[in-house]
Structure formats: structure tokens, C-alpha cells
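Notes for the structure review
This is what each chain is made of:
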Amino acid sequence: MTAPPIDRAMLTLRAGMFQLRDARAILRSGVQVTLDGDAREAVDRAAAVVAEIAARDASVYGVNTGFGKLAHKRIPRDKLADLQRNLVVSHACGVGQLLPRDVVRLVLALKVNSLARGYSGIRWSVIQTLLACLERDVLPAIPAQGSVGASGDLAPLAHLSATLIGIGDAIVDGRRCAAAEALASAGIAPVALEAKEGLALLNGTQVSTALALDGLIATEDVLAASLVACALSLEAALGSVTPFDPRIHAVRGHAAQSDVAAALRRLVAGTEINESHRDCGRVQDPYSLRCTPQVLGACLHTIRDCAAVLIDEANAVSDNPLVFADTREVLSGGNFHAEPVGLASDALAVALAEIGNISERRCALLVDPVFSGLPAFLATEPGLESGYMIAQVTAAALASENKGRAFPASVDTIPTSAGQEDHVSMATHAARRLGEMARNAANIVAVELLSAARGIAFRRPLRTSDALEAVLSVIAPDGGGRGDRYLAPEIERVAALVLGGTLTPLVADLFPTMRP
């Protein structure tokens, strides 16, 4: 068993038709991105409307006025380019660690996808510059903190915009350097912003959406590994497969629950271990085994619901104001408010916490000889050895940490811009914390996978299913090991397999971003 191969193929964006699988391809496989030229006509029509307005005397927000609380200020025609540049540099106030490389690539792709729909009034040449940065790996250095998720992701997108005009920093070949230097070395001319273009670039929800999509995919990968870990734990603890009978789940009627039960049945199909205790007389297993379809099915339902929200947002036009070229109108609204992303991210956070919670409970079950029937703490010589005692403690610590992180970010709002922006989504923070939560959950599941592998070693020479034996050969190539050993590197290695999606293909049909 190996991780899914890296596909360096070209992904051609068609404006407004971005797919969930495209997000996984950009984030996990590093595909190159281009844009279908059919989008140009709509882009040019909207840009022409903005150019006409800029040449007239009528005030139109975002074209020849100030911004936010300063929208009543009329800007002279000869200052419109300065207005856009000033907007970018004044809004580039982000702090903290930089966004990960793959997330920045997705931000750029989502921004291209949104602008290419032809409602933002930006020139085609600006979109081409965004694509050139993607193609030549000139990535804006975007600090992760500083956005409240309305009006869009202003600070982080201002850092993206600053790179295009040769201000701030960029990342090239993993090295941080001045944006002007990065553009010059890649043969990319800096953009000279025209009317409305700075606002179109830095107004929108692409940063929070990219972070949320990254969190969604990580949640899929962790849930997939958790299902595999549950199947292994079931084998190690001599649990019953009866609770996964399809009739039980059919009468409840939750499709995701039935899907999880079916996946577990497939994972343990043909196991010798289960057959060995078919008539053992045990009536019921603890809930962490018996109710896995109910718990992880609910988490899967959440993933599917959030995927539907996030793909809508990935295809959204979320800057302001919007240009409707057919009627030559520029309308001001609030599509930049990232509440859908915030609520979806909070739901994913709860799902991640629950995946970790139930996995940790199975870790605790495996080290308890009363429940598992295995040696205490999975030690070969309990007393002389501590076995997996503290590995379970680590899982408990991480589960507790994720519970705290799962508190919803979107219920908070702090008015900004002198009260003009009086309700904000906090979506960027809601989405950003999913990365750390996924890492915590992956480590919990890694502890369970290793614990279950050790438990199955005590059941030898009986074999589990072919699918699970293949998993064991990857996560525990030493057959589960004997005696106490240095576990931290093993946990780290297996957690990397979890987050890398190595186990996800075993249950790929469950997940939205894995569908063709």
C-alpha cells in the first residue's frame, strides 16, 4: 500500500465550475493550473463598464470613491490609480505565520475562478498575472492572521494583491524574498492597477474558503484512517461485527451511517480473527466499537454537508461591488460576508473533535485488559514494561485540546471600520484552526492504529482480512513489535500517513473530494 501518486497534470479552470476534486488536486497533488480562454469575453465586458464609469463624473462605490466608512469621499479621475494602490498597501496588515504553500496556491486558483466569471470589472491581463504566479511558482507571502471574514479576507488578500504590484514579499523555491525581485526573476511584469482592480483583488472569501477546503480534505483523510483503525481495533479486541448489519442502519434511515457500516463490513470481510470467536457468547461491545457507524456516520454527514457549502463558495463571486455588464450597472451588496464558510468550518471542527474522541476511547479500550482481553497496556511483560500506557495518555491530551478548539468561532463578532462593518463572520479563524485540529486528530488515530497493530500481534497466528493485513504491513512493518520502544517517531510517521491520505483510498467512495 502506498500513498496516492502525485499527479503533475494540468488543471484547466472553467469559470464557476470548480470541483471538489480540483481542490484536492491542487492541495495534495500540486497540479498546474490554467484558465479556459472562453472566460475572456465576460471579463472584458465588465472591465469596459468600469472604464466607462471611471471616465464619467458620477460617483460609483469602489470605482471613484473611498472605501467602507469613507465611501462618501469622491476621488478625482487622476487619482484613481493611486486610490487602488493605496487600498492594497494600507490593507496589508496581516501578522503571524505564513499560510502554507499549497493553501496559497489554492487561494490564487479560487481568486482566478471568481474573477473569471466576469462580474468584478477587472482586466484580463490582471487574471493572467495571477495565473503566471501560479505557473512560475511565485507565491505571495500571506500572513495567516488578520482577517475577520468580512468584508472578505481583506488583510490576507491585500498581501496577495501587494505581490502583484511588486510590494511586500513572495516565496520562490521555498525562499522568502522581495516581491519585486520575485516577479523580475520569473519574468512577470508588476500590475499597474486601474479603477476598481485593487478592490476586486482584496475583497472576497478566497482565503477562508481555501483554508476550509484544506480542513475538509484533512477531515476526510482522518475519518478514513479512523474507520481503518476501528476495524483493526475491532479485530484486536475480538469485537462483534453484528452491530454493522445493514438492517440495523436501514431502519434508522441515515445514509452516511449506513455507508460507514458498509465500509466497516468491507474492511473486515474474510477475517480469520472474527471467525475464531463467532460463538464466544459476548453480548455487546463498548459504544466506541458498537456505535462507530452512528458516530462517524454523523461526522461523514457533516463532511458532505460542508462540502456542498464550500464548493458553492469556491465558485462564488464574493467581491463588492459587482458589475452586471448586460445592464451596465454596478451594484453594491455583501457577498464578501463569509458566514457560510464560518458555519461550515465550525461544523467540521466539531466533527474532528468527535473523530478524535471516539478514537481515543478505542485506544483506552485496547490498553485495558478487562475490555480487550489483551495484556495490560499491550505490554509483552506488564510491570517490567509500560507498553502503550502513555501513548493513550497522549491521545487523551490531544482529544481534550481539540474539544477546546471546537468551540464555534462564528458565534463571535467584533464590529470593525468604525461600526460600518458591524457584524463579521470570523470565518478565516474558524477555518484556519482546522489544520491544527486535524493534526491532533491524526496523531490520536495514529496511536490507535499502532495500538491495534500491537493487539493483533497477540492474536497471531490468526490473520485479519486481506485489506487490513495490507494496512498492517505499512503501519507496523515489524508485525506490531515486542517490548518497550521509543514510540514518538512511530506515532509521527503513522500520523503523516494519515494526513497524507495513504489510507483514504480504502474507503474513497465515502468522500466528496474523492469522487470523479
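Positions within a chain are numbered from 1, following the residues in the order the chain's sequence is written. For this predicted model, a pLDDT threshold of at least 70 governs which residues receive local features, and a threshold of 80 or more governs which side-chain atom pairs are given and counted, while totals over whole chains, interfaces and linings are taken from all residues. Excluding hydrogens and water, the side-chain figures rest on all heavy atoms present in the structure.

1. Here we look at the overall build of the protein chain
Heads up, the condition is: The helix count covers DSSP runs of H or I at least four residues long, the strand count covers runs of E at least two residues long, and both are numbered beginning at the N terminus. For this measure, only C-alpha atoms enter the radius of gyration; the expected value for a globule follows 2.2 Å times N^0.38, where N is the number of residues. Per-residue accessibility, obtained with a 1.4 Å probe over protein chains only, is compared with the maximum for each type, and a residue is labelled buried under 20%, exposed over 50%, and partly exposed between these values. In this description, contact between two residues means that some pair of their heavy atoms is separated by no more than 4.5 Å. The protein chains shown are the only cover counted for residues, whose accessible areas, like all others here, come from Shrake-Rupley with a 1.4 Å probe. A positive count includes Lys and Arg, and a negative count includes Asp and Glu. His and the chain ends are not counted in either. To locate a charge, the coordinates of NZ of Lys, CZ of Arg, CG of Asp or CD of Glu are taken.
Helices and strands together make up the secondary structure of the protein chain, namely 20 helices and nine strands. Whereas a compact globule of 516 residues would reach a radius of gyration of roughly 24 Å, the protein chain reaches 26 Å, a difference of no more than 12%. For the protein chain, the spread of C-alpha atoms along the three principal axes comes to 85 × 50 × 40 Å. The buried share among the 516 residues of the protein chain stands at 56%. Looking at the protein chain alone, contacts between residues at least 24 apart form 78% of all its contacts between residues at least 6 apart. Counting only carbon and sulfur atoms, one obtains 55% of the accessible surface of the protein chain, whose full area is about 20,500 Å². In the protein chain, which carries 47 positive and 55 negative side-chain charges, the distance between the mean positions of the two groups comes to 1 Å.

2. What to know about helix α18 (residues 427-457)
Inclusion rule: Expected span, for any helix, means 1.5 Å times one less than how many residues it has. To get the bend at a given residue, fit one axis to the seven residues ending there, fit another to the seven starting there, and take the angle between those axes.
Helix length check: α18 (31 residues) gives 45 Å between terminal C-alpha atoms against 45 Å at 1.5 Å per residue, within 8%. Along its length, α18 reaches its greatest deviation from straightness, about 25°, at Gly435.

3. Brief notes about unusual backbone geometry
For the bond running from Ala150 to Ser151, omega is 5°, close enough to zero to count as cis. Take Ser151: it is sitting in the loop between β5 (143-145) and α6 (154-164). Cis geometry is adopted by the peptide bond preceding Pro321, which originates at Asn320 and carries an omega value of 0°. In this structure, Leu238 takes a positive phi of about 55° despite not being glycine. Among the structural elements, Leu238 can be located in the loop between α9 (206-236) and α10 (246-250). On the accessibility criterion, Leu238 (23% relative accessible area) is partly exposed. With phi around 55°, Met426 is a residue other than glycine that occupies positive phi space. Locating Met426 in the fold gives a position in the loop between α17 (389-405) and α18.

4. A few points about the packing of helix α4 (residues 101-115) against α9
Worth spelling out the cut-off: Whenever a helix is involved, its axis is fitted only over the stretch in contact; in every case the axis is a line through C-alpha atoms, and angles between N-to-C directions fall within 0 to 180 degrees. Angle categories are assigned with fixed cut-offs, so that under 35 degrees is roughly parallel, over 145 is roughly antiparallel, 65 to 115 is roughly perpendicular, and the rest are oblique. Definitions for this section: a left-handed crossing has its near helix turned counterclockwise from the far helix by less than a right angle. A right-handed crossing has that turn clockwise. Only Asp, Glu, Lys and Arg are considered charged in this grouping, and only Ala, Val, Leu, Ile, Met, Phe, Trp, Tyr, Cys and Pro are considered nonpolar; every other residue, Gly among them, is considered polar.
For the pair α4 and α9, the least separation of the axes is 9 Å and the interaxial angle reads 125°. Comparing their axes, α9 and α4 come out oblique. For the pair α4 and α9, the crossing hand works out as right-handed. Of the residues in α9, those touching α4 at Val103, Leu106, Val107, Leu110, Lys111 and Ser114 are Gln206, Val207, Thr209, Ala210, Leu211, Leu213 and Asp214. Of the residues assigned to the contact of α4 with α9, the class counts are eight nonpolar, three polar and two charged.

5. Considerations on the environment of Gly342
One can find Gly342 in helix α15 (residues 339-367). By relative accessible area, which is 0% here, Gly342 ends up buried.

6. Topic: the sheet that holds strand β6 (residues 169-172)
Under the convention used in this document: By this definition, two strands are paired if DSSP reports at least two bridges between them.
Overall, antiparallel pairing links the three strands, which are arranged β4-β6-β7 in an open sheet. Of all strands in the sheet, those bounded by a partner on one side alone are β4 (138-140) and β7 (175-178). The sheet shows a mean angle of 40° between the axes of neighbouring strands, direction not considered. Examined bridge by bridge, β4 and β6 share three bridges and lie antiparallel to one another. For Pro140, the partnering residue across the bridge sits in β6 and is Ala170. Packed onto the sheet, helix α7 (residues 179-186) meets β4, β6 and β7 and runs at close to 100° relative to β7.

7. Comments concerning the nonpolar core
The nonpolar side chains of a soluble globular protein tend to be buried, and buried together. Defined as follows: Each nonpolar core is a collection of buried residues, namely Ala, Val, Leu, Ile, Met, Phe, Trp, Tyr and Cys, held together in the definition by side-chain atoms within 4.5 Å.
Core analysis: the largest hydrophobic core is formed by 166 residues, its most contacted members being Leu232 and Leu449. Among the elements that make up this core, the one with the highest residue count is α9 (20 residues).

8. Concerning the pattern of salt bridges
Heads up, the rule is: Salt bridges are counted wherever a side-chain nitrogen of Lys or Arg sits within 4 Å of a carboxyl oxygen of Asp or Glu.
Taken as a whole, this structure holds 24 salt bridges when the rule is applied. Between Lys196 and Asp319 there is a salt bridge; the shortest N-O distance is 3.3 Å. With Lys196 in the loop between α7 and α8 (197-202) and Asp319 in the loop between α14 (292-314) and β8 (322-324), this residue pair connects regions lying 123 residues apart in the sequence. The buried category is assigned to Lys196, whose relative accessible area is 0%. Arg266 serves as the salt-bridge partner of Asp509, at 3.3 Å between the closest nitrogen and oxygen. Linking Asp509 in the segment after α20 (488-499) with Arg266 in helix α11 (residues 255-267), this pair joins segments that are 243 residues apart in sequence. When salt bridges with common partners are traced through the structure, they connect Arg24, Glu220 and Asp221 into a single cluster.

9. Some thoughts on the state of the cysteines
Let me state the cut-off plainly: Pairs of cysteine sulfur atoms within 2.5 Å are identified as disulfides in what follows.
All told, the structure shown has zero disulfides when counted by the stated rule. Cys291 provides the cysteine sulfur closest to Cys230, a residue in no disulfide bond, and the two sulfurs are 11 Å apart. Among the residues examined, Cys230 registers a relative accessible area of 1% and is labelled buried.

10. So, the pairing of β7
On a regular strand, each side chain points to the face opposite its neighbour's, so the side chains alternate between the two faces of the sheet. Where β6 and β7 come together, four bridges link them in antiparallel fashion. Along β7, the bridge assignment pairs Ala170 with Cys177. Taking the residues that link successive antiparallel strands as the turn, the β6-β7 hairpin has two residues, and the phi of Asp173 there is positive, at about 55°.

11. Side note on the side chain of Ser318
For the record, the criterion: Nitrogen and oxygen atoms within 3.5 Å of one another constitute a polar contact, given that in protein one can donate a hydrogen and the other can accept it, and given that sequence-neighbouring residues count only through two side-chain atoms.
Within the element layout of this structure, Ser318 appears in the loop between α14 and β8. Side-chain polar atoms of Ser318 contact the side chain of Gln206, separated by 3.3 Å. Apart from the residues within four sequence positions on either side, Ser318 is in contact with Ser114, Asn203, Gly204, Thr205, Gln206, Glu313, Asn335 and Phe336.

12. Examining the packing of α17 against α18
Put simply, α17 and α18 touch, their axes get as near as 9 Å, and they point 155° apart. On the basis of the axis angle, α17 is roughly antiparallel to α18. Regarding α17 and α18, the two cross each other, and that crossing is left-handed. Between α17 and α18, the contacting residues are Ala391, Gln392, Ala395, Leu398, Ala399, Glu401, Asn402 and Arg405 on the first element and Arg433, Glu436, Met437, Asn440, Ala441, Asn443, Ile444 and Val447 on the second. In the contact of α17 with α18, the residues fall into eight nonpolar, four polar and four charged.

That is the geometry; function is a separate question.
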